[in-house]
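Notes for the structure review
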Amino acid sequence: MSAAAKVMPRRPGLRERMREFAGRHRSTTILLGMLAITLVLPFIVLLPPFSGFLTQNVWVEQFNTAGIYILLVLGLNIVIGMAGLLDLGYAAFFAIGAYSYAAVASQFTGIHIPFWPWLIMGAIIAALFGVTLGAPTLRLRGDYLAIVTLGFGEIVPVFFTNSAELAGGTNGISAIDRPSLPFDVNIAGQCVTCFSASQPWGFYITMGLILTGVLILCYRLQDSRLGRSWNAIREDELAASSSGINTVTTKLLAFAIGASTSGFAGVFSAARNVAVAPVQFGFTVSFTVLAMIVLGGMGNIWGVAIGGFTIFVVQQVFLPQLTNFFNSVQVPILSDIDFVQYQFLLYGIALVLMMLFRPEGLFPNVRRRRELHTESAGAEELVSPDEATPEV
Amino acid sequence: MLRRLLRTAAIGVALLVVGFALMYAMVWFAAIDKTPDKILSLATAQFFNALAAGGIYILVAVGYTMVYGIIELINFAHGDVVMVGAFVAYFISFKFLGYTGAIADPLLLLGVLAILFLITMPLLGLLGVGIERFAYRPLRNAPRLAPLITAIGVSFILNNFVQAVVTASPVPTPQLISLQSRFLVFGASIPWLYVVIFIVSLGLMAALQLFVGRTRLGRAMRSTAQDREAAQLMGVDINTTIAVTFFIGSALAGAAGIVYGLYYGQIQFTIGFFVGLKAFTAAVLGGIGNTVGAALGGLMIGFIEVSAVVVGLPRWSEALVFAVLIIVLVMRPSGLLGVSTAERA
């Protein structure tokens with residue numbers, strides 16, 4: 001026996017084995033990971049620093065809203081991060097999803113269609129609107145698309161505000177049906193199949209399931225032929241179309257799939273808030289979601305999801321707590337500041353700084369980073385003319 | 001020179017006549033009482049309304065079109081620059097000079113207006129140069145998405161800075177030119193203010209045309225817009241030229257802000273958004289990159305907006321303008337006076 005044969009390959013450690021498993025069975029990993037997160041989150045908030053802020057049920061309620069934002073972030077990430085189309089009116093599809101459910105499941109029209117099938121219908125309706133808006137505009141240059149979507153995002157709430165007979169005007173539609181299940185399951189004194197204001201667990205579990213599904217879908221799309229076409233279009237549309245990619249259809253699909261996720265989020269949020277009103281769907285929603293994506297790292301699915309979750313918790317929980325804290329301790333200047341009021345100012349500053357200093361986001365997508373740091377990509381023609389030619 | 005001037009004037013007058021005729025037809029359709037006298041006076045009133053509104057959009061649209069022409073960036077923050085201009089004008093006229101309403105003495109009024117324009121416009125110009133220097137210049141060679149996102153960030157910073165630091169509630173601005181001083185034409189009594197707005201707007205446009213067409217810097221601007229690298233090889237200082245473009249565009253936005261306050265008598269931190277969207281539509285309508293086109297587009301947007309009021313749908317004016325934007329982009333993306341540019345991804 002030679003010495004070389006004796007050197008056995010080192011038994012891979014737990015981490016490596018986990019990583020290998022995750023690489024091979026990505027969907028299963030997402031399923032297990034989401035299961036773990038969904039189970040652990042409600043218990044983490046019982047621990048000291050978090051339990052001081054809010055009670056467990058309120059935390060869970062906040063997680064549900066966070067889930068809505070993460071859904072929006074994942075959908076917009078397909079449009080901006082993967083396909084590179086700047087959609088600034090994303091909240092419009094959110095509004096369309098929400099209003100579609102409000103119209104078919106409330107006293108307002110007298111129709112009562114159950115929640116579960118409409119979850120799919122809402123997504124389809126939003127996708128149809130995505131196609132309707134995209135079809136004429138996606139042929140245009142990228143920055144025109146930005147302004148058209150910006151306008152669309154602003155016009156949709158105006159439309160709902162102005163049409164009192166169709167959509168309830170400024171007050172919107174209230175008393176929307178909650179989802180229901182034909183059976184009751186109680187675990188540890190909490191009704192986990194209830195969908196009421198005091199019992200947010202049913203929504204929590206539903207959101208966990210939706211997010212798991214959408215995450216698996218996103219990852220599968222990313223590596224599919226379609227996902228690679230999106231990347232190609234994002235990086236060079238002309239080259240992509242020369243390589244045989246039908247750019248219009250491909251971009252339209254990005255728009256439709258992104259919008260459908262938003263439609264999901266809309267139906268869910270309408271059922272959870274029991275009311276829809278135009279003010280919920282203003283430009284601030286689109287902007288918040290955009291900030292989440294830019295901070296998280298455009299194109300990186302788990303990065304944007306974490307970015308979304310973090311910003312949401314900071315915005316909804318910590319900024320109000322900070323305001324309360326400084327109010328209670330009576331520090332001269334700080335106690336007068338309402339920190340929530342400054343949040344969009346902070347987002348704006350964060351957005352500009354991120355673009356200037358770390359355009360790839362906090363959790364960068366590898367390919368995206370190379371694209372944004374053109375100098376490290378080593379392509380001569382991408383070097384700026386300012387640097388390439390001496391000062392005259 | 002004189003012939004060109006006369007030709008331009010003739011085209012302008014012809015356009016205004018067509019606009020008046022369209023307005024007359026619109027009022028005739030919408031009116032219940034179709035007495036010719038009444039329709040004529042109503043149409044005249046709405047015509048001057050449209051001129052005033054159009055005058056504001058012209059000033060804003062020119063800023064969009066100049067910036068787009070030179071660095072191909074949609075400056076989302078431009079509408080908010082107008083809003084800041086309106087607030088600066090408010091602070092000067094109300095806080096520093098202490099005026100709350102109309103000034104009767106014409107000489108004094110002229111002086112106050114001159115101070116207002118002479119301070120606000122350079123201040124806003126500097127704001128624009130600052131924005132360009134810190135937010136756009138570092139990204140000049142980055143992928144297209146990056147400066148667009150920065151522009152939105154800047155827009156939000158301006159917007160929320162005014163909201164959080166200055167005030168979130170609507171502010172009544174001093175209407176220095178009294179709405180009561182009017183003149184009669186075709187049986188309609190028209191405030192002089194509307195005419196003043198339109199003349200200020202046209203005057204600034206004419207000055208801009210002279211600057212771009214007749215000065216060294218203007219030529220540098222045109223050449224940079226045409227081909228940045230070639231301009232640089234010819235010895236044009238690109239950074240200065242782009243900074244000057246931003247200065248002029250933002251100074252005009254400042255003028256628009258002053259005029260906005262005089263016209264509407266009330267400002268708020270949110271006004272920038274729709275002014276910006278409509279002015280951008282105007283720029284696209286006229287052919288983006290073309291300053292004369294922007295003026296034409298601004299005037300048309302003013303007429304469209306007033307038409308929405310005439311036919312009884314004032315709340316839908318934003319939606320109408322947006323519909324126009326989509327139709328123009330689909331049917332003729334290069335705009336009315338624009339030349340079609342090649343796709344640059």
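Keep in mind that this is a model prediction, so the values were computed, not measured.

Observations concerning the overall build of chain A
Within chain A, the secondary structure is distributed over 19 helices and four strands. Looking at the 392 residues of chain A, the share that counts as buried comes to 44%. In chain A, the proportion of contacts linking residues at least 24 apart, taken out of those at least 6 apart, comes to 73%.

As for the overall build of chain B
Per the secondary structure count, chain B includes 12 helices and four strands. The C-alpha atoms of chain B give 20 Å as radius of gyration, which agrees with the globular expectation for 345 residues (20 Å, within 12%). With the C-alpha coordinates of chain B rotated into their principal frame, the extents come out at 65 × 45 × 40 Å. By residue count, 49% of the 345 residues in chain B fall in the buried class. Counted over contacts in chain B with a minimum sequence separation of 6, partners at least 24 positions apart contribute 76%.

Digging into the pairing of strand β2 (residues 182-185) of chain B
All names here are of chain B. Inspection of the sheet shows β2 paired to strand β3 (residues 188-191) by four bridges, in the antiparallel sense. For Val185, the partnering residue across the bridge sits in β3 and is Ala188. With antiparallel pairing between neighbouring strands as the criterion, β2 and β3 make up a hairpin whose turn holds two residues, including Phe186 at a positive phi of roughly 50°.

Details of the nonpolar core
Burial of nonpolar side chains together is a common tendency in soluble globular proteins. Counting 220 residues, the largest nonpolar core has Val73(A), Leu59(B), Val60(B) and Val259(B) as its most contacted members. Of all the elements, helix α2 (residues 36-71) of chain B adds the most residues to this core, at 22 residues.

What to know about helix α6 (residues 90-104) of chain A
The first and last C-alpha atoms of α6(A) sit 22 Å apart over 15 residues, in line with the 21 Å expected at 1.5 Å per residue. Of all the 15 residues making up α6(A), 13 are buried; the element is thus mostly covered by neighbouring parts of the structure.

A few points about helix α11 (residues 291-310) of chain B
Residues and elements named next belong to chain B. The end-to-end C-alpha distance of α11 is 29 Å, a good match for the 28 Å that 20 residues give at a rise of 1.5 Å each. Most of α11 sits inside the fold, with 16 of its 20 residues counted as buried. Gly312 sits one or two positions beyond α11 and adopts a positive phi of about 90°.

Notes on unusual backbone geometry
Residues other than glycine seldom take positive phi values, yet Val274(A) does so here, at roughly 60°. As for its placement among the helices and strands, Val274(A) is situated in the loop between α13 (247-273) and β4 (275-276).

Observations regarding the environment of Leu209(A)
If you trace the backbone, Leu209(A) turns up in helix α10 (residues 201-223). Considering only alpha carbons, one finds Leu209(A) and Leu31(A), 178 residues apart in sequence, at a separation of 9.1 Å.

A look at the interface of chain B and chain A
In this assembly, 39 residues from chain B lie in contact with 42 residues from chain A. Secondary structure elements with two or more residues in the side of chain B that touches chain A: α5 (145-166), α8 (228-233), α10 (271-286) and α12 (317-331) of chain B. Top contributing element to the side of chain B that touches chain A by residue count: α5(B), with 13 residues. The class makeup of the residues in the side of chain B that touches chain A is 27 nonpolar, six polar and six charged.

Quick word on the environment of Ser174(A)
Residue and element names in this part refer to chain A. Locating Ser174 in the fold gives a position in strand β1 (residues 173-174). Residue classification places Ser174 among the partly exposed residues on the basis of 15 C-beta atoms within 10 Å. Here the alpha-carbon distance between Ser174 and Ser260, two residues 86 residues apart in the chain, equals 23 Å. Excluding its chain neighbours within four sequence positions, the residues that come into contact with Ser174 are Val274 and Ala275.

A word on the packing of helix α5 (residues 56-82) of chain A against helix α14 (residues 283-296) of chain A
Residues and elements named next belong to chain A. In contact at an axis separation of 9 Å, α5 and α14 are set at 70° when each is read in the N-to-C sense. When the axes of α5 and α14 are compared, the pair comes out roughly perpendicular. Like other packed secondary-structure pairs, α5 and α14 cross with a definite hand, here right-handed. Seen from α5, the contacting residues are Tyr69, Leu72, Val73, Leu76, Asn77, Ile80 and Gly81; seen from α14, they are Val289, Met292 and Ile293. Counted by class, the contact of α5 with α14 contains eight nonpolar, two polar and no charged residues.

Re the packing of α10(A) against α13(A)
Residue and element names in this part refer to chain A. Taken N-terminus to C-terminus, the directions of α10 and α13 make an angle of 180°; their axes are 12 Å apart at the nearest point. By the angle between their directions, the pair α10 and α13 is classed as roughly antiparallel. Counting all contacts with α10, which are made through Phe203, Met207, Ile210 and Val214, the residues of α13 involved are Thr261, Phe264, Phe268 and Arg272.

Focus: the confidence of the model for chain B
Residues and elements named next belong to chain B. Across chain B, pLDDT averages 85, with 97% of residues at or above 70. By mean pLDDT, β2 is the weakest element of chain B at 78, and helix α9 (residues 238-264) is the strongest at 91. In this model residues 340-345 is a low-confidence stretch, pLDDT under 50, and it forms six contacts with partners more than four residues away in sequence or in other chains.

Quick notes on the confidence of the model for chain A
Per-chain confidence: chain A averages 80 in pLDDT, with 86% of residues scoring 70 or above. Here residues 376-392 of chain A scores under 50 on pLDDT; set against residues more than four positions off or in separate chains, the count is 14 contacts.

About the thresholds
- Residues numbered from 1 in each chain as written.
- Chains lettered and ligands numbered in written order.
- Predicted model: local features only at pLDDT ≥ 70, side-chain atom pairs only at ≥ 80, totals over all residues.
- Helix = DSSP H or I, 4+ residues; strand = E, 2+ residues; numbered from the N terminus.
- Buried ≥ 20, exposed ≤ 12 C-beta atoms within 10 Å, placed from the backbone.
- Contact = placed C-beta atoms within 7 Å.
- Rg over C-alpha atoms; globule rule 2.2 N^0.38 Å.
- Pairing = 2+ DSSP bridges.
- Core = buried A, V, L, I, M, F, W, Y, C linked by C-beta atoms within 7 Å.
- Expected span 1.5 Å × (residues − 1).
- Nonpolar A, V, L, I, M, F, W, Y, C, P; charged D, E, K, R; others polar.
- Axes fitted to C-alpha atoms, helices over the stretch in contact; angles between N-to-C directions.
- Parallel < 35°, antiparallel > 145°, perpendicular 65-115°, else oblique.
- Left-handed = near helix turned anticlockwise from the far one by under 90°.
- pLDDT = per-residue confidence, 0-100.

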